[in-house]
Amino acid sequence: MERLVFGRFFCHLSTYRLIWFLAAVTLCRAQVVTQDEKKLLNTPASLRCSLGTSQEVLVVTWQKIKAASPENMVTFSKSHGVVVQPAYKDKINITELGLQNSTITFWNTTLEDEGCYQCLFNTFGSGNVLGKACLTLFVQPTVFLYYKFFEDHLNITCSANARPAPVISWKVSGSGMDNSTEILSHPNGTTSVTSVLHVKDPKSQVGKEVICQVLHLGTVTSFRQTVNKGVWFSVPLLLSIVSLIILLILISILLYWKRRRTQDREP
Ligand SMILES: *[C@@H]1O[C@H](CO)[C@@H](O)[C@H](O)[C@H]1NC(C)=O
Ligand SMILES: *[C@@H]1O[C@H](CO)[C@@H](O)[C@H](O)[C@H]1NC(C)=O
Ligand SMILES: *[C@@H]1O[C@H](CO)[C@@H](O)[C@H](O)[C@H]1NC(C)=O
Ligand SMILES: *[C@@H]1O[C@H](CO)[C@@H](O)[C@H](O)[C@H]1NC(C)=O
Ligand SMILES: *[C@@H]1O[C@H](CO)[C@@H](O)[C@H](O)[C@H]1NC(C)=O
Ligand SMILES: *[C@@H]1O[C@H](CO)[C@@H](O)[C@H](O)[C@H]1NC(C)=O
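Note that residues are indexed from 1 along each chain, following the sequence as it is written. Throughout, the order in which chains and ligands are written sets their labels, letters from A for the former and numbers from 1 for the latter. In keeping with the predicted nature of the model, local features appear solely for residues at pLDDT of at least 70, side-chain atom pairs appear and are counted solely at 80 or more, and the whole-chain, interface and lining totals rest on all residues. The side-chain numbers reported here are obtained from all heavy atoms of the structure, hydrogens and water having been left aside.

Under an unreviewed UniProt entry, the protein chain has the name CD200 molecule and belongs to Rhinolophus ferrumequinum. UniProt positions are given in the numbering used here, feature names are shortened, and annotations may be inferred rather than shown by experiment. Taken from UniProt, the Subcellular location (unreviewed entry) comment for the protein chain reads in full: "Membrane".

Below, the structure is given as structure tokens:
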């Protein structure tokens with residue numbers, strides 16, 4: 001998505017609006033071309049501003065747009081070169097040095113870097129011409145899909161962690177089930193969405209495939225799981241094996257004692 005922002009200097013004059021408008025069409029080619037960026041969190045990211053005209057630019061300033069007022073980050077001018085504000089020293093730099101085109105690069109984005117930025121081209125005679133670009137940071141989903149049998153029901157759980165929050169939906173055949181969803185936000189900026197599919201009659205789902213669909217940033221990814229009988233029987237099976245082992249140990253001890261007693265009796 002490209003965005004054009006007209007220079008503040010021209011566009012804020014409001015008298016003689018019509019004359020102004022006509023003038024603006026010819027003069028207000030003072031446009032800044034920018035592009036919003038969507039990047040993976042904890043990776044590098046760049047924002048670029050390109051001044052459409054060949055006006056004489058003295059200083060290019062990048063600012064972070066904040067609720068109170070814009071905060072200066074870095075400037076570039078022929079006379080002073082690049083000047084990075086202390087708060088941004090190890091975080092960013094200008095990686096395209098120019099007075100018409102300027103690019104800043106975040107070496108490794110963090111949550112605080114998400115937001116909107118503006119570039120100001122301080123021009124000779126026309127004041128500041130500015131452009132605005134926004135940075136959105138995302139995290140790809142991590143998904144877990146598993147199921148568990150209980151005495152009288154079966155719960156299938158699908159959990160997805162991502163930024164922004166993912167959306168979970170189920171694709172199943174059969175009836176007699178309902179689902180509940182829990183949403184949890186984490187300090188690291190991700191959101192976990194956990195959906196539990198509650199199956200009242202577990203036998204009806206055995207051998208069948210369930211699909212958990214995760215929607216994130218317009219992309220749907222399917223995760224499949226076939227419900228196996230094996231796990232269902234494993235608890236009683238485990239119990240039998242443990243009992244069998246205990247029984248064998250008991251028999252061995254008994255046999256050992258018996259043998260010792262007969263040995264003791266013999267001189
Ligand atoms: C970026 O920062 C994250 C979190 O601090 C870190 O795990 C990662 O290794 C860093 N990446 C680079 C390329 O420095
Ligand atoms: C930023 O880039 C300029 C120009 O490439 C370089 O001279 C300067 O050392 C860099 N500053 C930092 C803090 O990396
Ligand atoms: C600025 O970038 C544009 C492309 O975005 C290019 O056409 C133009 O030549 C560049 N101008 C300068 C002065 O580097
Ligand atoms: C899960 O719950 C939603 C909302 O309650 C419902 O629309 C959907 O059909 C349910 N899905 C399944 C597979 O039961
Ligand atoms: C964020 O935190 C949650 C909960 O602690 C964790 O499950 C998840 O893996 C973390 N994600 C990243 C990208 O660090
Ligand atoms: C299975 O899921 C249902 C519905 O979400 C829930 O009420 C029930 O407590 C779950 N069973 C177990 C043993 O966690």
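S.K.: In this structure, what is going on with the site of ligand 4? I would like to understand it.
M.R.: Around ligand 4 sit Trp170, Val172 and Asn179, and those are all the residues in its vicinity. Protein contacts shield 39% of the accessible area of ligand 4, which totals 360 Å² for the unbound molecule. Nearness is judged by heavy atoms alone; a residue qualifies as near a molecule or strand once a single heavy atom is within 4 Å of it. Note on areas: these come from Shrake-Rupley sampling with a 1.4 Å probe, and a residue is covered only by the protein chains present in the view.

S.K.: Could you clarify how one ought to interpret the pairing of strand β4 (residues 45–51) in this entry?
M.R.: Working note: regular strand, side chains alternate between the two faces of the sheet. Where burial is concerned, most of β4 is hidden: 5 out of the 7 residues are buried. Here strand β2 (residues 31–35) runs beside β4; their pairing, made up of 3 bridges, is antiparallel. Bridged to threonine 34 within β4 is cysteine 49. Only protein chains enter the accessibility calculation, which uses a 1.4 Å probe; a residue whose area is less than 20% of its type maximum is buried, one above 50% is exposed, and one in between is partly exposed. Secondary structure elements are taken from DSSP: a helix is a run of H or I of four residues or more, a strand is a run of E of two residues or more, and numbering for both begins at the N terminus. Between any two strands, pairing holds if DSSP finds at least two bridges.

S.K.: For this particular structure, what's the right way to read the packing of aromatic side chains?
M.R.: The geometry of two aromatic rings is summed up by the distance between their centres and the angle between their planes. Any two rings among Phe, Tyr and Trp, with Trp reduced to its six-membered ring, count as a pair given centres within 6.5 Å; such a pair is stacked if its planes are under 30 degrees apart, edge-to-face if over 60, and tilted if neither. Under the counting rule described, the total for this entry stands at 2 aromatic pairs. Plain terms: the ring middles of phenylalanine 106 and tyrosine 117 are 5.4 Å apart, the flat faces sit at 65° to each other, and that makes the pair edge-to-face. Placement of phenylalanine 106 in strand β9 (residues 101–106) and of tyrosine 117 in strand β10 (residues 115–123) is noted, with a sequence separation of 11 residues between them. No difference in accessibility class separates phenylalanine 106 from tyrosine 117, as the two residues are buried. Both rings, one in tyrosine 147 and one in phenylalanine 149, keep their centres 6.0 Å apart while their planes meet at 90°; by these two values the pair is edge-to-face. Residue tyrosine 147 is classed as buried on the basis of its relative accessible area of 13%.

S.K.: Help me understand the nonpolar core in this model?
M.R.: Proteins that are soluble and globular tend to have nonpolar side chains buried together. Here the nonpolar core consists of buried residues drawn from Ala, Val, Leu, Ile, Met, Phe, Trp, Tyr and Cys, with membership extended through side-chain atoms lying within 4.5 Å. Trp62, Met73, Val74, Ile104, Phe106 and Phe121 are the most contacted members of the largest nonpolar core, which totals 26 residues. The set of elements that each furnish at least two residues to this core consists of β4, β5 (57–64), β6 (71–77), β8 (92–96), β9, β10 and β11 (127–149). Whether two residues touch is decided by their heavy atoms; if any such pair falls within 4.5 Å, the residues are in contact. Apart from the residues within four sequence positions on either side, isoleucine 104 is in contact with Ala45, Ser46, Leu47, Trp62, Met73, Val74, Asn93, Ile94 and Thr95. Membership of the second largest hydrophobic core comes to 18 residues, among which are Met177, Leu197, Cys212 and Val214.

S.K.: Sorry, what's going on with the pattern of salt bridges here?
M.R.: Close approach of charged atoms lets side chains of opposite charge pair. When a carboxyl oxygen of Asp or Glu is within 4 Å of a side-chain nitrogen of Lys or Arg, the pair counts as a salt bridge. According to the stated counting rule, one finds 7 salt bridges in the structure shown. A salt bridge links arginine 224 to glutamate 209; the nearest nitrogen and oxygen atoms lie 3.4 Å apart. One end of the pair, arginine 224, is in strand β17 (residues 219–226); the other, glutamate 209, is in strand β16 (residues 209–216), and 15 residues separate them in sequence. Assessed through its relative accessible area of 54%, arginine 224 is described here as exposed.

S.K.: Would you mind going over the environment of lysine 229 with me for this structure?
M.R.: Counting through the fold element by element, lysine 229 comes out in helix α3 (residues 229–265). Judged by its relative accessible area of 45%, lysine 229 is partly exposed. With 23 residues separating them along the chain, lysine 229 and valine 206 place their C-alpha atoms 6.0 Å apart.

S.K.: Honestly, the state of the cysteines in this entry has me stumped. Any pointers?
M.R.: As used in these notes, a disulfide is a covalent bond between sulfur atoms, one from each of two cysteines. The rule for a disulfide is simple: a pair of cysteine sulfur atoms within 2.5 Å. For the structure shown, the criterion picks out 3 disulfides. Disulfide pairing places cysteine 49 opposite cysteine 119 at an S-S distance of 1.9 Å. Disulfide cysteine 49 to cysteine 119: torsion about the S-S bond roughly -90°, handedness left-handed. Separated by 70 residues along the polypeptide, cysteine 49 in strand β4 and cysteine 119 in strand β10 bring together distant segments of the chain. Note on cysteine 49: relative accessible area 1%, which makes it buried. Each sulfur in the disulfide pair cysteine 116 and cysteine 134 lies 1.9 Å from the other.

S.K.: Can you help me understand a nonpolar patch on the surface in this one?
M.R.: Taken together, the side chains of Ile241, Ile245, Ile249, Ile253, Tyr256 and Trp257 make up a nonpolar region of the molecular surface, amounting to roughly 630 Å² of accessible area. Along the polypeptide, isoleucine 253 turns up in helix α3. Given a relative accessible area of 42%, isoleucine 253 falls into the partly exposed group. Each patch groups residues whose relative accessible area exceeds 30% and which form no salt bridge, using 9 Å between like charges and 5 Å between nonpolar side chains of Val, Leu, Ile, Met, Phe, Trp and Tyr.

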